[in-house]
Amino acid sequence: MGGASYDELLGELEGRGVRRAKIGGFDVDGVLRGKYVSMEKLRSALSCGFGFCDVIFGWDIGDVLYDNARVTGWHTGYPDAHAVLDPSTRRLVPWEPGTVAMLADFRDAEGGAHPACPRSALKRVITHAASLGYQAKLSAEYEFFLFKETPASLHEKRFQKLESLSPGMFGYSWVREGQHKDLMAAIYDGMRAFDIELEGLHTETGPGVYEAAIRYDDALRAADKAALFKVAMKQIAYEHGLSVTFMAKWSASLPGSSGHLHQSLWKDGENVFQGPPSEGGISRSMRHYIGGQLACMREMTALVSPTINAYKRYVPGVWAPLTATWGIENRTTALRIVGAGTKAARVEVRQGAADINPYIAMAATLGAGIHGIENAIEPDAPITGNAGEGGEGRDRLPRTLAEATALLAESQRMRKILGDGFVDHYVRTRQWEVRQYERAVTDWELARYFEAI
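A brief look at the structure comes next. (Residues numbered from 1 in each chain as written. Predicted model: local features only at pLDDT ≥ 70, side-chain atom pairs only at ≥ 80, totals over all residues. Heavy atoms only, no water.)

Regarding the overall build of the protein
No. 1: Secondary structure summary: the protein contains 14 helices and 16 strands in total.
No. 2: On C-alpha atoms alone, the protein measures out to a radius of gyration of 22 Å, which is about the 22 Å that the 2.2 N^0.38 rule sets for 453 residues.
No. 3: Across the 453 residues of the protein, 55% fall into the buried class.
No. 4: Within the protein, contacts between residues separated by at least 24 positions form 71% of all contacts whose residues are at least 6 apart in sequence.
No. 5: Taken as a whole, the protein presents about 20200 Å² of accessible surface, with 53% of it coming from carbon and sulfur.
No. 6: Distance from the positive charge centre (51 side chains) to the negative charge centre (56 side chains) of the protein: 1 Å. (Helix = DSSP H or I, 4+ residues; strand = E, 2+ residues; numbered from the N terminus. Rg over C-alpha atoms; globule rule 2.2 N^0.38 Å. Buried < 20%, exposed > 50% of the residue type's maximum accessible area, 1.4 Å probe, protein only. Contact = heavy atoms within 4.5 Å. Areas by Shrake-Rupley, 256 points an atom, 1.4 Å probe, with all protein chains shown as cover. Lys, Arg positive; Asp, Glu negative; His and termini not counted. Charge placed at Lys NZ, Arg CZ, Asp CG, Glu CD.)

Description of the pattern of salt bridges
No. 1: This model, assessed by the stated rule, comprises 28 salt bridges.
No. 2: For aspartate 424, the salt bridge is made with arginine 415, and the minimal N-O distance between the two is 2.7 Å.
No. 3: Note on arginine 415: relative accessible area 14%, which makes it buried.
No. 4: Bridged by salt links that share partners, the residues Asp86, Asp105, Arg119, Lys123 and Asp224 form one connected network. (Salt bridge = Lys/Arg side-chain N within 4 Å of Asp/Glu carboxyl O.)

Side note on the pairing of strand 3 (residues 50-53)
No. 1: Only one face of strand 3 is covered, namely the face carrying Phe50 and Phe52; the face carrying Gly51 and Cys53 is uncovered.
No. 2: The pairing of strand 3 with strand 4 (residues 80-85) spans four bridges and is classified as antiparallel. Within the sheet, the bridge partner assigned to phenylalanine 50 lies in strand 4 and is alanine 83. (Pairing = 2+ DSSP bridges.)

With respect to helix 2 (residues 39-48)
No. 1: Where helix 2 is concerned, the buried positions are Met39, Leu42, Ala45 and Leu46. Looking down the long axis of helix 2, one finds its buried residues gathered within 110 degrees of arc, a one-sided arrangement. Turned more than 90 degrees off the buried face of helix 2, the exposed positions are Glu40 and Cys48.
No. 2: Taken from the residues just after helix 2, glycine 49 is the one with a positive phi, measuring 80 degrees. (Arc of directions from axis to C-beta.)

Notes on the packing of aromatic side chains
No. 1: Evaluated as defined, the whole model comprises 18 aromatic pairs.
No. 2: Judged by centre distance (5.5 Å) and plane angle (50 degrees), the ring pair of phenylalanine 26 and tyrosine 359 falls under tilted. Of this pair, phenylalanine 26 sits in strand 1 (residues 20-26) while tyrosine 359 sits in helix 10 (residues 358-374), placing them 333 residues apart in sequence. Accessibility classification places phenylalanine 26 together with tyrosine 359 in one group, the buried group.
No. 3: A centroid spacing of 5.1 Å and a plane angle of 55 degrees characterise the contact between tryptophan 95 and phenylalanine 194, whose relative ring orientation is tilted. A residue pair is termed long-range when its members are at least 10 positions apart, and tryptophan 95 in the loop between strand 5 (91-92) and strand 6 (99-107) and phenylalanine 194 in the loop between helix 6 (181-193) and strand 8 (198-203) qualify at 99 residues.
No. 4: By the ring-pair criterion, three or more aromatic residues cluster together here, those being Phe50, Phe52, Phe57 and Phe106.
No. 5: Positioned over the ring face of phenylalanine 194 is arginine 91, at 5.6 Å from the centre of the ring. (Phe/Tyr/Trp six-rings, centres within 6.5 Å; stacked < 30°, edge-to-face > 60°. Lys NZ or Arg CZ within 6 Å of the ring centre and 35° of its normal.)

Details of helix 11 (residues 401-409)
No. 1: Those residues of helix 11 lying buried are Leu401, Ala404, Thr405, Leu408 and Ala409. Each buried residue of helix 11 sits inside an arc of 135 degrees when the element is viewed along its axis, so together they form one side.
No. 2: Buried residues belonging to helix 11 abut helix 9 (301-304), helix 12 (412-418) and helix 13 (420-439).

Notes on the pairing of strand 9 (residues 209-214)
No. 1: Within strand 9, six of the six residues are buried, leaving the element largely enclosed by the surrounding structure.
No. 2: Residues Val209, Glu211 and Ala213 point to one face of strand 9 and Tyr210, Ala212 and Ile214 to the other, with burial holding for every one of them.
No. 3: Note: strand 7 (residues 135-147) against strand 9, five bridges, orientation antiparallel. Across the sheet, the residue bridging to phenylalanine 145 is valine 209, located in strand 9.
No. 4: Of the pairings in the sheet, the one linking strand 8 to strand 9 comprises five bridges and is antiparallel in character. Bridge pairing in strand 9 places leucine 201 opposite alanine 212.
No. 5: Count of turn residues in the strand 8/strand 9 antiparallel hairpin: five residues, of which glycine 206 carries a positive phi of about 145 degrees.

Here's the deal with the environment of glutamine 293
No. 1: Here glutamine 293 lies in helix 8 (residues 284-296).
No. 2: In this structure, the C-alpha to C-alpha distance between glutamine 293 and alanine 334, residues 41 residues apart in sequence, is 9.8 Å.
No. 3: If near-sequence neighbours (up to four positions away) are discounted, glutamine 293 is found in contact with Gln263, Met300, Leu335, Val349, Thr365, Leu366, Ala368 and Gly369.

Brief notes about the packing of helix 6 against helix 7 (residues 219-239)
No. 1: In contact at an axis separation of 11 Å, helix 6 and helix 7 are set at 140 degrees when each is read in the N-to-C sense. The angle between helix 6 and helix 7 falls in the class oblique. Relative to helix 7, the crossing made by helix 6 is right-handed. Within the contact between the two elements, helix 6 uses Leu183, Ala186, Ile187 and Met191 and helix 7 uses Phe229, Ala232, Met233 and Ile236.
No. 2: The residue makeup of the contact of helix 6 with helix 7, split by class, is eight nonpolar, no polar and no charged. (Axes fitted to C-alpha atoms, helices over the stretch in contact; angles between N-to-C directions. Parallel < 35°, antiparallel > 145°, perpendicular 65-115°, else oblique. Left-handed = near helix turned anticlockwise from the far one by under 90°. Nonpolar A, V, L, I, M, F, W, Y, C, P; charged D, E, K, R; others polar.)

Quick look at unusual backbone geometry
No. 1: The backbone of aspartate 195 shows a phi angle near 65 degrees, a positive value even though the residue is not glycine.
No. 2: Structurally, aspartate 195 is set in the loop between helix 6 and strand 8.
No. 3: According to the relative accessible area criterion, aspartate 195 is partly exposed, its value standing at 29%.
No. 4: Positive phi is not limited to glycine here, since glutamate 329 has a value of about 50 degrees.
No. 5: A relative accessible area of 42% places glutamate 329 in the partly exposed class.

Some remarks on the side chain of threonine 72
No. 1: Considering the arrangement of structural elements, one finds threonine 72 in the loop between strand 3 and strand 4.
No. 2: Judged by relative accessible area, threonine 72 falls into the buried class, the value being 2%.
No. 3: Within polar-contact distance, the side chain of threonine 72 engages the side chain of threonine 76 at 3.1 Å.
No. 4: Setting aside residues up to four positions removed in sequence, threonine 72 forms contacts with Asp54, Phe57, Gly58, Tyr78 and Pro79. (Polar contact = N/O pair within 3.5 Å; in protein donor to acceptor, adjacent residues only side chain to side chain.)

Purely spatial values, then, with no claim about function.
Written out as C-alpha cells, the structure reads:
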C-alpha cells in the first residue's frame, strides 16, 4: 500500500468512528506486546514503520531480562527494533469501541527479518512453500480452563484452590453450555466480530474446560487468528468476571489442555493431500509430508512444546502423544490423518498443547512437512493401536524441555527451515527457561521434604 492508499484506509477507519489504534507484535513466548497510538501516529507508522524497544526480545514471559541473549541486551543498550505494520491484519476491537488493532513484523538493522520475530519465521516457511507451488491452509484448536477468578484473586490465592466455572467432568455437555449461554454467545459473537471465526465450541472433560476450533485459513492468517484468539479470550473472560488459562496442564489431577494444528497443502486450487482409494486415500505428497514431520519431530519438540509445564502432559493415559508416530483417525499418535481420500484430507498435529506459540509451532511443523516432500521422506507404517505402548525406542519424544532444547540446538534441519538466527535465539530462551525452573523451590518439594526429611 502506498501513501494514497494509507490515506484512504485511515479515512475509512475514521468514518467508522475509529479514534485510536492498538499496534504490536508477538514475542517468542506468544505474548502480544503493544501499545495504543493516535490516528496521526498510526498514519506515520503505516508509512514509515515505528520504533519498538527491543527489550521484548531480551526478557522472558515474566519480564525478567535474559542473561544469555545475543540479539539484544545490556551490551547493545536495548535500542528500538524497527516494526512494520501489516495493514491486512487490521480488525476493529469489539470490546473497545473506536479502536482498531493491527499487527507488526520486526526488522533488523539491515531491513531484513528480525531473527527473534516469530511471525517472520513463519513467513520464511510460507515463502519457501510458495516457491515450490504450495499454499498451506492451517487451523488451530485449543482447550482452555475457565475460573470464577480475577487477576487480583489469582495472585492473592497464589494460583491455588481456584473456583472453576463449573464443577465435574462433563465433556460435550449441552447442559453446561446452556447454563453459560451468555458466555458462549459472547465468545462466538465476539470472536467473529474480531475476525476470528469459530467452527466449534464445546465443553471438554474437566471442571470449566472448553475446546474451541478456529476455522481454517491461509497459513499466516491462521496463525494471526490463533495467536489473537488467546488475547481475545482473556479479554472476554475478564468482561464476565472470569479468568482463563492456556497452560498445558494446570492441575496434576486433571487432563491437560491440547493445542492441535490441522494442516493441508494446496496447488492450483486442489488439495494435494487427497489420494486415490488404492493408496488408502493418501497421496504421495501427503505421505512425504508425514515423513518429514516424523523425521524432524524429536528435534522440533522444543518449538511445539515451549514451556516446562508442557512436558507434564507427556505421561501415559492423558491423550498426549509419547512417540513420533502417525495413524489414520488414531488419536494416540502424534499425527492423526483426517479425511483421507477426500477434499478435506489433512494432517492433525497432536503433539502441542494450548501453550504453543502458533507462529512458531506452525512454522516448524509446516517447514518439516515441506522438507519431507522435497526429500521424498517415506514414513514408517501407520499405527493402528495404542501408539504409546513400547515407545521407549528411537521414536520416543523428549520428556523435558532441557532434552528437547538440546536436540533443537543440534538440529541442522530446523536451522535450515527457520534460519540459524532464529534457532540460536530460541534455544537461548529455552535454556534460560530451564535454568529458572531448576532454581525454583516448588510446593511439591516443600510438602514432601520440609518436615519428613
